[in-house]
Every structure is written in structure tokens, then in C-alpha cells.
Amino acid sequence: MSFLEITGVRKAFGPTTVVQGFDLSVERGEFVSFLGPSGCGKTTMLRIVAGFESPSAGTVRIGGEDVTDLAPNARRIGMVFQAYALFPNMNVADNVAFGLKIAGMARAEREARVDEMLRLVGLPHVRDRYPYQLSGGQQQRVALARAIAPKPRVLLLDEPLSALDAKIRVSLREEIRELQRALGITTIFVTHDQEEALSMSDRIVVMSDGRMEQVGTPFEIYNRPRSRFVASFVGTLSLLEGRTVIGERVVVAGQEIEAETPGHGVGEAVTLALRPEAVSLVTSRERSNRLTGEIADVAFLGSVVRIRARFGENEILIDTFNDPATPPPERGAAVTVHFSPADIQCLDAATGASHR
Ligand code: ATP
């Protein structure tokens, strides 16, 4: 049995089901993200693990113990919320000591633990300050220190970075992951930010409309999405509408290309999904598997140049590395692109499912 086991969880508010068929096993020390658009049920699922909501059906087990009916404070979990959840009338040390005090820890031990936690999150010097005297990033670090101080069995993070500005977000991502690894604490992280989920997680649960769409490592989720939803929610993607013809080929905008089309018969409508980094510009005629069209837009992003090219009704994004010796192509210019058949994900045009 895994350290955290969520089995058959369903949650309804009145007549509305917001989570269903949720089954997940999380190993001790694992970092798992719940990723999905607003309203897909990720926070509800986290609150069920925390004990703030009880499921309409199903169970939650931590360390082999059924905690489904236990109150939050009896579960030994730590939680960090989106923002501003520190007690405003307590200084930093008292905020961090809060859970320890409730647990009845003696004063001297408490003080030592507070110091240790503040050192861990890189903030030993703010001990006596009040939350309003801290930046957003510092407040979230203190919230993290408060959550881990009582040595919880599971750490639950509900969009802890979403209220912070971009630069702090990226550095806190790394800090949180480093700390989580060092403590070996089993963690669930809720986010709607795919970059956060991809960069931080051991595994990601992609959710849509109260259901688990796919569970996998960031590599699997990005490279082998099982549905159109996952493919387009995670990462940037171009979708080409086509029809299969004989010999694993697909006609797109009147041009024939080679693609792997497992599970699709001849004459079926399919959607081909392509990542921008899997497409290259062709300057000579030697490459096979090409499409010819027109440059619709060029975005110079620095190290990467993102080109949008049009092929009939279809558009493809192409990421190329900046080459200081070659200026990017002009809008309206003719363009030929190449991609390897293995890099094309073939999806059912009607259902969006992948047969691979
Ligand atoms: P967000 O990123 O916006 O927080 P989410 O994926 O975390 O979204 P939830 O907050 O879990 O989504 O909400 C899932 C659905 O459940 C939403 O449609 C929401 O309106 C509904 N919901 C959540 N809490 C309640 C409640 N207490 N009563 C009724 N409906 C609720």
C-alpha cells in the first residue's frame, strides 16, 4: 500500500457532482501536482485530503490509516494556501509556532524549532516582524515554515505561488522543491499553471470537469498525452485537421504527409497534434514529410523565435533557435516545414482520444 491512498472518491454539492472516480496512490516522499483549469475540482480534492470537506463516497488513507472521517487537525497534515493566510496579529515566530503550541510542545523546544524552520526557508532575520512587514514571497515562505514545523505526514499546497510576481514564483518553485526533497515529505500541489506542474512534480494528475484525465510523469504527460484535452492544456500545440489515406498517410490542406495513425482506418477524420519544437523550417528540397504554406506571424522571443505558419485552414507553430547570423523570415513569405512522423500525435477528430 502506498503512503497516501485516495480510493473511489466522489464529491457532490447538492445535485452537482464536482469530483468523481478519483483514485490515486502517492508514494512516501513523492511530489504530485493536481493540474487543471479553474473549476475542475482540484481544490475540492485537496480539501478532501485535508479533511475540510468529506467525500460523498470513497476513502482517504494516510500511512495505512483510514482518515476519511477524521477532523483536519487529527490528520497531521500541513497546508499552505494561495496567499495572505498568516495570522496578521501575530509576529512571524508566533505564526510558525502556532501548530507547535497547539500540539503542546514546551517553550524552549518550540523556540528552537521556529529558528530551525526559519533558517530552512531562508528567513532567520524576520523572526520578530509582522506579516504586513513582509513581501508576498516572504509571507509564503513563512506560511511554508508554519506548515512544516509540526512535521506533518503530508504537505498540501493550494496554489501557493499564484499571487506572487513572475520572478519570485520561479525562484520559490525551486526552493519549495528543494525543501520538499530535503525533508522527504509527501506533497500534493494544486495549480492551474502547467509550467509549475511540469517543472516541480514527480507526477502530475491532469483534471478536467471533476475527472482525472491522465496521471503520469511530466515527461509522459507532455510527450504522450492521452487526449486532446491533455495535449492542449499542457504545453503549446498545433492541431491539424486531416483525413487518413492508404499507407499511414494523412491529407492536410490538400497535401499528403506521413504520420503514425494506429487505430484509424483509411478515410477517417483525424486531428494531428504537433509541438512547436518538433517542427523545423526546410530550406532545401531533400527532406520528406513536408507541408508548404505561408508565414502568418513571427514572434522574436530572444533565444527562441516562434513562427506561426498557415496551411489552408490550419496553422502550425514552429520554434526555432535564434541565429544571430540569420534574420527571422518575413510575414507573408512562402514556407516549407518538416516534421518526423514519430513526433505527430494522431487524435480521433470526434472524441479527441489518442489510440497510442
Ligand atoms: P480554482 O482553480 O478556480 O480554484 P478548482 O479546480 O480548484 O478551481 P474547485 O474549487 O474544486 O475547482 O471547484 C470545483 C467545482 O465545485 C466548481 O464548479 C465550484 O463552483 C464547485 N464548488 C466548490 N465548493 C463548493 C461548495 N462549497 N458548494 C457548492 N459548490 C462548490
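Residues numbered from 1 in each chain as written. Predicted model: local features only at pLDDT ≥ 70, side-chain atom pairs only at ≥ 80, totals over all residues.

### Quick word on the packing of helix H2 (residues 92-102) against helix H4 (residues 136-148)
Their axes nearest at 7 Å, the elements H2 and H4 cross at an angle of 30 degrees. Comparing their axes, H4 and H2 come out roughly parallel. Of the two elements, H2 crosses H4, and the hand of that crossing is right-handed. For the pair H2 and H4, contact is made by Val-92, Asn-95, Val-96, Phe-98 and Gly-99 and by Val-142, Ala-145 and Arg-146, respectively. (Axes fitted to C-alpha atoms, helices over the stretch in contact; angles between N-to-C directions. Helix = DSSP H or I, 4+ residues; strand = E, 2+ residues; numbered from the N terminus. Parallel < 35°, antiparallel > 145°, perpendicular 65-115°, else oblique. Left-handed = near helix turned anticlockwise from the far one by under 90°. Contact = placed C-beta atoms within 7 Å.)

### Details of the sheet that holds strand S5 (residues 65-66)
Ordered in space as S2-S1-S4-S5, the 4 strands form an open sheet in which the pairing is antiparallel. Strand pairing shows two members of the sheet lacking a second neighbour, strand S2 (16-26) and S5, which therefore form its edges. Of the pairings in the sheet, the one linking strand S1 (residues 4-13) to S2 comprises 7 bridges and is antiparallel in character. Following the sheet pairing, Leu-4 is matched in S2 by Val-26. (Pairing = 2+ DSSP bridges.)

### Here we look at the sheet that holds strand S12 (residues 249-252)
Taken in spatial order, the 5 strands make up an open sheet running S13-S12-S11-S14-S20, and their pairing is antiparallel. Among the strands making up the open sheet, the edge pair consists of strand S13 (255-258) and strand S20 (345-348). On average, adjacent strands in this sheet sit at an angle of 45 degrees to one another, irrespective of strand direction. Pairing analysis gives 4 bridges linking S12 to S13, with the strands arranged antiparallel. Within S13, the residue paired with Val-252 across the bridge is Gln-255.

### Thoughts on the site of the ligand
The immediate surroundings of the ligand are formed by Phe-13, Val-18, Gly-36, Ser-38, Gly-39, Cys-40, Gly-41, Lys-42, Thr-43, Thr-44 and His-192. It is helix H1 (residues 42-50) that contributes the most residues to the shell around the ligand, 3 residues altogether. Partitioned by chemical class, the residues of the shell around the ligand number 3 nonpolar, 7 polar and 1 charged. (Near = placed C-beta within 6 Å. Nonpolar A, V, L, I, M, F, W, Y, C, P; charged D, E, K, R; others polar.)

### Quick notes on the pairing of S1
Relative to strand S4 (residues 57-62), S1 runs antiparallel, the two being bridged by 5 bridges. Its bridge partner lying in S4, Thr-7 is registered against Thr-59.

### A few points about the environment of Val-18
Residue position: Val-18 is located in strand S2. By C-beta crowding, Val-18 is classed as partly exposed, having 18 other C-beta atoms within 10 Å. Spatially, the C-alpha atom of Val-18 lies 7.4 Å from that of Cys-40, the residues being 22 residues apart in sequence. Once you skip the residues sitting within four places of it in the chain, Val-18 turns out to touch Lys-11, Ala-12, Phe-13, Gly-41, Thr-44 and Gly-210. (Buried ≥ 20, exposed ≤ 12 C-beta atoms within 10 Å, placed from the backbone.)

### Observations concerning helix H5 (residues 166-183)
For H5, built from 18 residues, the straight-helix expectation of 26 Å at 1.5 Å per residue is met to within 8% by its first-to-last C-alpha distance of 26 Å. Buried within H5 we find Leu-172, Ile-176 and Gln-180. The buried residues of H5 occupy an angular sector of 70 degrees when projected down its axis, which confines them to one face. Exposed residues on H5 whose side chains face more than 90 degrees from its buried face are Lys-167, Ser-171, Glu-174, Glu-178 and Ala-182. Check the buried side of H5 and you find it contacts strand S3 (31-35), H4, strand S7 (154-158) and strand S8 (186-191). Backbone geometry just after H5 places Gly-184 at a positive phi near 65 degrees. (Expected span 1.5 Å × (residues − 1). Arc of directions from axis to C-beta.)

### Regarding unusual backbone geometry
In this structure, Glu-248 is a non-glycine residue whose phi angle is positive, near 55 degrees. Relative to the helices and strands, Glu-248 is located in the loop between strand S11 (238-245) and S12. Of note, Ala-253 is a non-glycine position whose phi angle comes to about 50 degrees, a positive value. Relative to the elements of secondary structure, Ala-253 occurs in the loop between S12 and S13. A count of 16 C-beta atoms within 10 Å places Ala-253 in the partly exposed class.

### Some remarks on the environment of Pro-276
With respect to the helices, strands and loops of the structure, Pro-276 is situated in the loop between strand S14 (269-274) and strand S15 (279-281). Exposure remark for Pro-276: the 18 C-beta atoms within 10 Å place this residue in the partly exposed category. Placed 42 residues apart in sequence, Pro-276 and Ile-318 show a C-alpha to C-alpha distance of 4.4 Å.

### Side note on the confidence of the model for the protein
For the protein, mean pLDDT is 92; residues scoring 70 or higher make up 98% of the total. For this predicted complex, the interface confidence score (ipTM) comes to 0.93, while the overall pTM stands at 0.88. (pLDDT = per-residue confidence, 0-100.)

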